[in-house]
Amino acid sequence: PIAKSSTTTTNYAFLSSKAALMAKSNITNYAFLDEVTKVKIYVNLPGVGNCRDENIALDFTERSLCLTIKNYMAPSAAKASKVEVDESLVVDTAPPEAEEEEEIMTKEEEKGEDRCLSLGKLFGLIENATFRKKADKVIITLTKKDKRAWRSVIV
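Cut-offs used in this document
- Residues numbered from 1 in each chain as written.
- Predicted model: local features only at pLDDT ≥ 70, side-chain atom pairs only at ≥ 80, totals over all residues.
- Heavy atoms only, no water.
- Helix = DSSP H or I, 4+ residues; strand = E, 2+ residues; numbered from the N terminus.
- Buried < 20%, exposed > 50% of the residue type's maximum accessible area, 1.4 Å probe, protein only.
- Contact = heavy atoms within 4.5 Å.
- Areas by Shrake-Rupley, 256 points an atom, 1.4 Å probe, with all protein chains shown as cover.
- Phe/Tyr/Trp six-rings, centres within 6.5 Å; stacked < 30°, edge-to-face > 60°.
- Pairing = 2+ DSSP bridges.
- Axes fitted to C-alpha atoms, helices over the stretch in contact; angles between N-to-C directions.

Looking now at the overall build of the protein chain. Across its full length, the protein chain holds 4 helices and 7 strands. The secondary structure elements of the protein chain, listed N-terminal to C-terminal, are α-α-β-β-β-β-α-α-β-β-β. Counting the 155 residues in the protein chain, one finds 26% classified as buried. Put simply, of all contacts in the protein chain between residues at least 6 apart along the chain, 74% involve residues at least 24 apart. Roughly 11,300 Å² of accessible area belongs to the protein chain as shown, and the carbon and sulfur atoms make up 52% of that amount.

In structure tokens form, the structure reads like this:
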């Protein structure tokens, strides 16, 4: 019998992309808008505007992208709800011991989770990708290589 050898071809340019290395997206909900020369992807993440700029990165190739947000913390339900206070009431503060405990908890809670939107095979080729951080969303703008309409973001 003749032994068959298998050969694996590796596309190193693709593997060098962070989008290719990120195996799993934990951001699965987004919307997109197809324009003539651009595609905009809207990623809703409540409170993302509070993330430090250096904790948000966008890596891309002409066929893939990866948005990474490090230490993301979604606002808690208590912080998100607005409490109306009667103007005739006197606002009081917590005693100093309670404030110190709260400060310690805040420091411990500062470590959020890493979030990722990884799109391994875009619908079309892109020349550039940028992002803008808003209070509750990140808007990714892709510059198309051609003016062909996109029916989806991924193939």
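Below, the discussion takes up the packing of aromatic side chains. A complete count under the given rule lists 1 aromatic pair for this structure. Relative to Trp150, the ring of Phe123 has its centre 6.2 Å away and its plane inclined at 50°; by these criteria the two rings are tilted. Linking Phe123 in the loop between strand 5 (113-119) and strand 6 (126-133) with Trp150 in the segment after strand 7 (137-144), this pair joins segments that are 27 residues apart in sequence. For Phe123, a relative accessible area of 13% translates into the label buried.

This next bit is on the environment of Gly112. If you trace the backbone, Gly112 turns up in the loop between helix 4 (96-109) and strand 5. The sequence separation of Gly112 and Lys70 amounts to 42 residues, and the corresponding C-alpha distance is 7.4 Å. Dropping the residues within four chain positions of it, Gly112 is found in contact with Asn71, Tyr72 and Met73.

What the 4 strands build is an open sheet, ordered 1-2-7-6; its pairing is antiparallel. Because the sheet does not close on itself, it has two edges, and the strands there are strand 1 (31-34) and strand 6. When strand polarity is set aside, the average angle formed by the axes of neighbouring strands in this sheet is 15°. Direction of pairing for strand 1 relative to strand 2 (residues 38-44): antiparallel, over a ladder of 4 bridges. Paired with Leu33 across the two strands is Lys40, which belongs to strand 2.

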